[in-house]
Amino acid sequence: MELDDTLPVETLDASGSAENARAAEVTILVCSSCRDELGSDTHPRAGAKLAESARQAAAGEDITVRSVECLGNCKRRLSAAILRDGSWSYVFGDLDIASGDDLVTGAKLFATSTDGLIPWRGRPDSLKRGLIARIPPLNLLKEDT
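1. Considering the pairing of strand β6 (residues 89–92)
Phase 1: Across the two faces of β6 the burial is the same, with Ser 89 and Val 91 and Tyr 90 and Phe 92 all buried.
Phase 2: Bridge count for strand β5 (residues 80–84) against β6 is 3 bridges, and the pairing is antiparallel. When the bridges of β6 are listed, Ile 82 appears paired with Tyr 90.
Phase 3: Hairpin connection between β5 and β6: a loop of 4 residues separates the two successive antiparallel strands, and Gly 86 in this loop has a positive phi of roughly 75°.
Phase 4: Relative to strand β7 (residues 131–135), β6 is paired through 4 bridges, and the arrangement is antiparallel. Bridging from a neighbouring strand, Ser 89 pairs with Ile 135 of β7.

Encoded structure:
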C-alpha cells in the first residue's frame, strides 16, 4: 500500500497514544454463496455478483476484496464483513448486488479511522441499517475477574 508520506494519518496505538502512521490496510470479505432475496439458486449467486461489484468499486484503491464460501448469516441474505488488523471487525447483511460501492466507502472510512472503528458519519445507509455485529480485536479483550 503506497500513500503520500507528506500526509500522515493520526492513529492510536494499543496504549491510546497518538502517533503518525499510514492508513491501515482494510479487507472486505463477501459471502459468495449468498442467494438473492427470492432465495434463487441460480449461478453465479447474488453473493458472487456482490463480490464482483465490490472488486470493481475497489479498483485503484488500497482495499482487498475477497470472497468466502459462507459467513453463516443466511437469514439476512447478502452479507459481507469489513476487517482491519488490530481494530474492530464488522459484519453486514441485507445488502444487494449494487452494495459494492457502499462496502468500499465504508472500507475507506475504516482505513483512516483514528480509533479503529468505522465512523457513523459518512457511513452509507446500507451499512448503518445492515449492521449485524461489531467484533472487538482480541488485544482489547480483558480477562474476566
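Next comes the rest of the write-up.
2. Observations concerning the packing of aromatic side chains
Phase 1: Overall, the coordinates contain 2 aromatic pairs when judged by the stated rule.
Phase 2: Note on Tyr 90 and Phe 92: the rings are 6.1 Å apart at their centroids and 5° apart in plane angle, and the pair reads as stacked. An identical accessibility class is assigned to Tyr 90 and Phe 92; each is buried.
Phase 3: Seen in terms of ring centroids, Tyr 90 and Phe 110 are 5.6 Å apart; in terms of plane orientation they differ by 90°. Their pairing is edge-to-face. Of this pair, Tyr 90 sits in strand β6 while Phe 110 sits in helix α2 (residues 100–111), and the two are 20 residues apart along the sequence.
Phase 4: One residue, Arg 134, lies across the ring of Trp 88, its end atom 4.1 Å from the ring centre.

What counts, and where the lines are drawn
- Residues numbered from 1 in each chain as written.
- Predicted model: local features only at pLDDT ≥ 70, side-chain atom pairs only at ≥ 80, totals over all residues.
- Heavy atoms only, no water.
- Buried < 20%, exposed > 50% of the residue type's maximum accessible area, 1.4 Å probe, protein only.
- Helix = DSSP H or I, 4+ residues; strand = E, 2+ residues; numbered from the N terminus.
- Pairing = 2+ DSSP bridges.
- Phe/Tyr/Trp six-rings, centres within 6.5 Å; stacked < 30°, edge-to-face > 60°.
- Lys NZ or Arg CZ within 6 Å of the ring centre and 35° of its normal.

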